[in-house]
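Survey of secondary and tertiary structure
What follows is the residue order along each chain.
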Amino acid sequence: MQNNQHVDYDAIVVGAGFAGITLIHYLREAGLSLKVFDRATDIGGTWAWNKYPGAATDSEGYYYCLTFSEEVLQEWTWSRRYPGWKETQNYLRFVADKFDMWRDIQFDTEIKSAEYQDNGTWLVTTGSGETYTCRYFISGMGMISEPQIPNLKGMDTFKGPLFHSSRWPEELEYEGKRIGIIGAGATTVQMLPELAKVAADVTVFQRTPNFVMPAMQKPMTPEWEKEIKENYDEIIAKCRNHVFGMAFNPPSGRTIADSTPEEIRQVFEENWHGSFRWVFETFDDLLASPEANQAAADFIIEKMIKAKVDDPELADLLTPKGYPLFAKRPPLDHGYYETFNRDNVHLVDIKDREPIETITETGVRTSEHEYEFDIIVLATGFNAYTGALEAMDIVGATGETLRDKWQDQSSSIMGVAVSGYPNFFMVTGPQAPFANLPTSIDQNAQYIANCIKQMKREGKEVFYPSQQAEDEWTAHTAEIHEQTLMAEGDKVNSWMMGANREDRKPRVLIYFGGANVYYDKLKESADNGFPELEFAEHAA
Ligand code: NAP
């Protein structure tokens, strides 16, 4: 690097999950020295933290993977359609071994602050007070990593283990125990069937029911694996060209509006093979037209809830009402609804029937009952997109933290850069799309590495993200958001709008113009020399 100032590393990255691993690859390729810090004790990011029983990917493993190495794509074998957390973590270990990445990672190290310095570098401070300098400070902390801890009375009085779902203690013995779960989102949908098999009793405290779609888990077979490995170029291209970065087929050209009830039923049935692909491969208007969305919602409710839950009153309680499919991110089902037919599983409606009053020494007291538990799990979600970035002090050129800057609006340039924060990049920051994450991560990491390569070529030490570019991207993202059914997410506390947070107003957090369109925009920016960033030879 052509640095005037000495720095410890050209780049410091926070987070050793998919983003950190991908960045190691591309930043090394760009010739940078780097260090990845992670407060976890092992590699994996999401998959180092979310170790609750049943934790698995909701994207199919064969495209929820790193694509920068053809060798890895050919050498690694997934055991099943949706790998569990351990398998995904082992996969990342395999990649780190293969490319000798461990030497660039330091675990057990929390970053407390990162402060931009007048000379164009960053000063990064760890929880134990060590400091490091770097030219580029990069967040690979993940979109859904900072736990949302509810503000429930009496939480510190409970005598047994009480923890957030993403902090599940691996050594916890839960067989034969009475377990209370607060929350009924994607995590609970995965966790409940596994817990119910061995626990004495499991009680779910539900505020808002979800649309839960079928996963239809299945083992990888040699034939399927062969087909996948022979077609990886096509699979990667599909991800790159899909609105949610998934290896799904292009739009079908069909719409609900132009189909008869018989055609609609037939297409819905024929495509009912599990995964989110059903939403994207049946009709093209499901996420755009309220009527089409309602047709899909009715079908899901019929197939998933009415057909599986024996007790009609319970089925009604589990039925989402008053909001469209995808206003909340739908979880995938691994036996969730059938589990409610078991005698040892209970559902408590804490929205309309019996709100939680307090956590007690022995369990949970609602307005109607006292429930006794040995373990309480807070499956209450995450401060998505901005939470991890706000949890530490990231201080920009004006002395303002990102936390303060984003009080009312979480603005950015394409989710990768923020005006006022020179030489700072984010992987999948706010106003990036919500998509199959490895696809977006790869695109973001390439953008970052290409930008730095250009700076090296041209002898520039600093980039200043433009305020105008940020205003334009923010306005564009908001305009698109308003045209989608996802804008109704604020009615139902959707994390996709930050509407699940008690400390923040809902806001536009996601670019819904299509991940494929977004990737095109990143490429266009890179091809044009990154016009959203102003470059300087030295810090001003
Ligand atoms: P979530 O979907 O946000 O669900 C949180 C649940 O907690 C909701 O039912 C929410 O109720 C409830 N809740 C929050 N605060 C509460 C309070 N104070 N009192 C009572 N209930 C409260 O969180 P999640 O299940 O952890 O999933 C979050 C996201 O992580 C998913 O959408 C997904 O993107 C990702 N995830 C992915 C996977 C996977 O891919 N395999 C697995 C798990 C999670 P309301 O709905 O009423 O707010």
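All residue numbers refer to positions counted from 1 along the written sequence of the respective chain. pLDDT decides what is reported in this predicted model: residues at 70 or higher carry local features, side-chain atom pairs at 80 or more are listed and counted, and totals for whole chains, interfaces and linings draw on all residues regardless. Side-chain calculation: all heavy atoms of the structure are included, whereas hydrogens and water are not.

Moving on, we get to the overall build of the protein chain. Helix numbering and strand numbering both begin at the N terminus, where a helix is a DSSP run of H or I of at least 4 residues and a strand a DSSP run of E of at least 2. Across its full length, the protein chain holds 17 helices and 20 strands. A compact globule built from 540 residues would reach a C-alpha radius of gyration of about 24 Å, and the protein chain, at 23 Å, matches this within 12%. If you line up the protein chain on its principal axes, its C-alpha atoms span 70 × 55 × 45 Å. For the protein chain, with 540 residues in total, the buried portion stands at 60%. Long-range pairs, those at least 24 residues apart, make up 72% of the contacts in the protein chain between residues at least 6 apart in sequence. Split by element, the accessible area of the protein chain, about 21200 Å² in all, is 47% carbon and sulfur. Only four residue types enter the charge count: Lys and Arg as positive, Asp and Glu as negative, with His and the chain ends excluded. A charged residue contributes its charge at one atom only: NZ of Lys, CZ of Arg, CG of Asp or CD of Glu. Computing the positive centroid from 50 side-chain charges and the negative centroid from 83, the protein chain places the two 2 Å apart. Here the radius of gyration uses the C-alpha set of atoms, whereas the globule reference equals 2.2 Å times the residue count to the power 0.38. We call a residue buried when its accessible area falls under 20% of the maximum for its residue type, exposed when it is over 50%, and partly exposed in between, using a 1.4 Å probe and counting protein chains only. Throughout, a contact is declared for two residues whenever any of their heavy atoms are within 4.5 Å. Reported accessibility uses the Shrake-Rupley method at a 1.4 Å probe radius. Residues are deemed covered only where the shown protein chains occlude them.

This part is about the state of the cysteines. The disulfide definition used here is simple: a pair of cysteine sulfur atoms within 2.5 Å. Under the definition given, this model contains zero disulfides. Between Cys-451, a cysteine without a disulfide, and Cys-134, which holds the nearest cysteine sulfur, the sulfur-to-sulfur distance is 15 Å.

Time to look at the domain arrangement of the protein chain. Residue ranges for the domains trace back to a domain assignment, done automatically or taken from a database. Examined at the domain level, the protein chain breaks down into domain 1 (9–146 + 383–536) and domain 2 (149–210 + 331–381). For domain 1 versus domain 2, the separation of C-alpha centres amounts to 31 Å. The interface of domain 1 with domain 2 comprises 17 residues on the first partner and 17 residues on the second. Two parts placed together each lose some accessible area under a 1.4 Å probe, and the buried area is that loss summed for both. Interface area, domain 1 with domain 2, both sides summed: about 1600 Å², of which 50% is carbon and sulfur. Throughout this description, the term salt bridge denotes a Lys or Arg side-chain nitrogen within 4 Å of a carboxyl oxygen of Asp or Glu. For the pair domain 1 and domain 2, the interface holds one salt bridge. One salt bridge connects Glu-170 with Lys-51, and the closest N-O pair in it is separated by 3.0 Å. As used in this structure description, the phrase polar contact means that two N or O atoms lie within 3.5 Å; if the pair is within protein, one of them must be able to donate a hydrogen and the other to accept it, and residues adjacent in sequence are counted only when both atoms belong to side chains. Here domain 1 and domain 2 share four residue pairs in polar contact (both at pLDDT 80 or more) between them. Residue composition of the side of domain 1 that touches domain 2, by class: eight nonpolar, five polar and four charged. Each residue gets one of three labels, nonpolar for Ala, Val, Leu, Ile, Met, Phe, Trp, Tyr, Cys and Pro, charged for Asp, Glu, Lys and Arg, and polar for the others, Gly among them.

Here, the term nonpolar core denotes a set of buried Ala, Val, Leu, Ile, Met, Phe, Trp, Tyr and Cys residues that are joined through side-chain atoms within 4.5 Å. Formed by 144 residues in total, the largest nonpolar core has its most connected members in Leu-27 and Tyr-91. Looking at which domains feed residues into this core, each of domain 1 (9–146 + 383–536) and domain 2 (149–210 + 331–381) gives three or more. Sequence-distant contacts of Tyr-91, that is, excluding residues within four places in its chain, are made with Phe-18, Cys-65, Leu-66, Val-72, Trp-76 and Trp-78. Among the nonpolar cores identified, the runner-up in size contains 24 residues, and Tyr-116, Ile-394, Leu-402 and Trp-406 belong to it.

Next up on the list: the layout of surface pockets. Put simply, the second largest pocket is a space of about 510 Å³. Method remark: on a 1 Å grid restricted to protein atoms, a set of points is classed as a cavity if a 1.4 Å probe fits but cannot get out and as a pocket if it is open with protein on both sides within 12 Å along at least five of seven lines; lining residues have an atom within 4 Å of a point. Taken together, 28 residues line the second largest pocket, and the ones lying closest to its centre are Val-243, Phe-244, Phe-280, Asp-284 and Leu-287. Elements that contribute at least two residues to the lining of the second largest pocket include exactly helix 9 (277–281) and helix 17 (515–527). In terms of residue count, the dominant contributor to the lining of the second largest pocket is helix 17 (three residues). Class assignment for the residues of the lining of the second largest pocket results in 18 nonpolar, seven polar and three charged. Grid points are joined across faces, edges and corners, and a volume is the space filled by probe spheres set on the points.

Counting across every chain of the model gives 35 salt bridges. A salt bridge links Glu-146 to Arg-39; the shortest N-O distance between them is 3.3 Å. Taken together, the positions of Glu-146 in the loop between strand 6 (131–139) and strand 7 (162–164) and Arg-39 in the loop between strand 2 (34–37) and helix 2 (46–49) put the pair 107 residues apart, joining distant regions of the chain. Here the salt bridges do not stand alone but share partners, grouping Glu-60, Arg-81, Arg-277 and Glu-281 into one network.

Near the ligand there are 26 residues, and of these Ala-56, Ala-184, Thr-187, Thr-208 and Lys-328 occur at the shortest range. Within the backbone of Asp-58, one N or O atom sits 3.3 Å away from an oxygen atom of the ligand. Between a nitrogen atom of the ligand and a side-chain N or O atom of Gln-190, the distance comes to 3.0 Å. For the ligand, the protein covers 90% of the area, taking 900 Å² as the surface of the free molecule. Neighbouring residues are identified by heavy atoms, a residue being near a molecule or strand if any of them is within 4 Å of it.

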